[in-house]
Amino acid sequence: MAVSRAAAHGFSKQTQASILLIEGEGVEGDAHRGVRVQHLYQQRRDPTQPNLCQVHLFAAEMLEELQGAGFDVGAGEIGENVLTSGIDLLTLPTHTRLRIGDEVIVEVTGLRTPCSQIDGYRNGLQAHLWGARDAAGKRSRRAGVMAVVIAGGQIFPADRIQAELPAEPHIPLRPV
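Residues numbered from 1 in each chain as written. Predicted model: local features only at pLDDT ≥ 70, side-chain atom pairs only at ≥ 80, totals over all residues. Heavy atoms only, no water.

**Q** Go over the sheet that holds strand β3 (residues 19–22) with me, naming the residues and quoting the values.
**A** If you walk across this open sheet you meet the three strands as β4-β3-β12, and the pairing is antiparallel. Where the open sheet ends on each side, the last strands, each with one partner, are β4 (26–27) and β12 (153–155). Taken together, the three bridges between β3 and β12 define a ladder with antiparallel strand orientation. Bridging from a neighbouring strand, Leu21 pairs with Gly153 of β12. (Pairing = 2+ DSSP bridges. Helix = DSSP H or I, 4+ residues; strand = E, 2+ residues; numbered from the N terminus.)

Right under this line is the structure:
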């Protein structure tokens, strides 16, 4: 539905006509591109960690839900690089490969945690990106999924995305 990037660390990203994904690194021109962790909080903890958050994918259906709840949010404003439609991102197993367009393959690494910056952007939004608690008291995360670039290339908003599930047993997504 949309592709976005931002050269500087911040919350939202600017929509683009296309973005270039670089194998093993992420989105060209994006602050989160790199082989090693680029998230500032995680960099302070251990800058040698691999970057499992090279590409952030978020569902247009969730964006519509947020808009229906009264939040003025559009493409790229949740910080996603790729706004998808018709794929239930949050139920995919870890290591699912998403083929985007003709060349690009990203591999899903885990769930994005709805951080406190979200409320700085739109007050009350963070609570909507946390789901209900399960029987063990853990809250689900609904802020999209993170992925690494397996095969790079140019992607466009209208590109088709196909999910290829990994071999069983499937590993549920966990926060990255």
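Read on, since the account is not over.
**Q** Outline the sheet that holds strand β6 (residues 82–84), supporting the account with residue identities and numerical values.
**A** In space, the eight strands of this open sheet follow the order β2-β1-β6-β5-β11-β8-β7-β13, with mixed pairing throughout. The sheet terminates laterally at β2 (14–16) and β13 (161–164), the two strands that pair on one side only. Across the sheet, the mean angle separating the axes of adjacent strands is 35° when strand polarity is ignored. Together, β5 (55–59) and β6 form the strand contacts of helix α2 (residues 60–68), whose direction differs from that of β5 by roughly 60°. (Axes fitted to C-alpha atoms, helices over the stretch in contact; angles between N-to-C directions. Contact = heavy atoms within 4.5 Å.)

**Q** With reference to specific residues and values, describe the pattern of salt bridges.
**A** All told, the structure shown has five salt bridges when counted by the stated rule. Its salt-bridge partner being Arg142, residue Glu65 comes within 2.8 Å of it at the nearest N-O pair. One end of the pair, Glu65, is in helix α2; the other, Arg142, is in the loop between β10 (139–141) and β11 (145–151), and 77 residues separate them in sequence. When its relative accessible area of 40% is taken as the criterion, Glu65 is described as partly exposed. (Salt bridge = Lys/Arg side-chain N within 4 Å of Asp/Glu carboxyl O. Buried < 20%, exposed > 50% of the residue type's maximum accessible area, 1.4 Å probe, protein only.)

**Q** Residues and numbers for the pairing of β5, please.
**A** In terms of burial, β5 is a largely internal element, five of the five residues being buried. Here β5 shows a buried face lined by Val55, Leu57 and Ala59 and a second buried face lined by His56 and Phe58. Examined bridge by bridge, β5 and β6 share three bridges and lie parallel to one another. By the bridge assignment for β6, Ala59 is matched with Thr84. What joins β5 to β6 is α2, and the crossover it makes is right-handed. (Right-handed = clockwise from strand over helix to strand, strands pointing away.)

**Q** Outline the pairing of strand β1 (residues 2–5), listing residues and values.
**A** One ladder, built from two bridges, connects β1 with β6; its direction is antiparallel. Residue pairing for β6: Ala2 is matched across the bridge by Leu83. As judged from the three bridges shared by β1 and β2, these two strands associate in the antiparallel manner. If you follow Ser4 over to β2, its bridge partner there is Thr15.

**Q** Can you explain empty space enclosed by the protein? Please cite residues and give values.
**A** One pass over the structure, following the stated rule, counts one cavity of 30 Å³ or more. Together, Met1, Ala2, Val3, Val82, Leu83, Ile100, Ile155, Phe156, Pro157, Asp159 and Ile161 line the largest cavity. Secondary-structure elements contributing two or more residues to the lining of the largest cavity are β1 and β6. Among the residues making up the lining of the largest cavity, the classes are represented as ten nonpolar, no polar and one charged. (1 Å grid on protein atoms, 1.4 Å probe; cavity = no way out; pocket = protein on both sides within 12 Å on 5 of 7 lines; lining within 4 Å. Points joined across faces, edges and corners; volume = space filled by probe spheres on them. Nonpolar A, V, L, I, M, F, W, Y, C, P; charged D, E, K, R; others polar.)

**Q** So what's going on with α2? Which residues, and what values?
**A** Within the sequence span of α2, burial applies to Ala60, Met62, Leu63 and Leu66. Down the axis of α2, the buried set is contained in an arc of 155°. They therefore lie on one face. Summarising the geometry of α2, the exposed residues directed more than 90 degrees from the buried face are Glu64 and Gly68. Where α2 is buried, its residues contact β5, β6 and α4 (125–129). Just downstream of α2, Gly70 is the residue with a positive phi angle, here 100°. (Arc of directions from axis to C-beta.)

**Q** Could you give an account of the packing of aromatic side chains, with specific residues and numbers?
**A** Enumeration according to the criterion identifies one aromatic pair in this entry. Above the face of the Tyr121 ring, Arg122 is positioned so that its terminal group lies 4.1 Å from the ring centre. (Phe/Tyr/Trp six-rings, centres within 6.5 Å; stacked < 30°, edge-to-face > 60°. Lys NZ or Arg CZ within 6 Å of the ring centre and 35° of its normal.)

Structural measurements only, silent on function.
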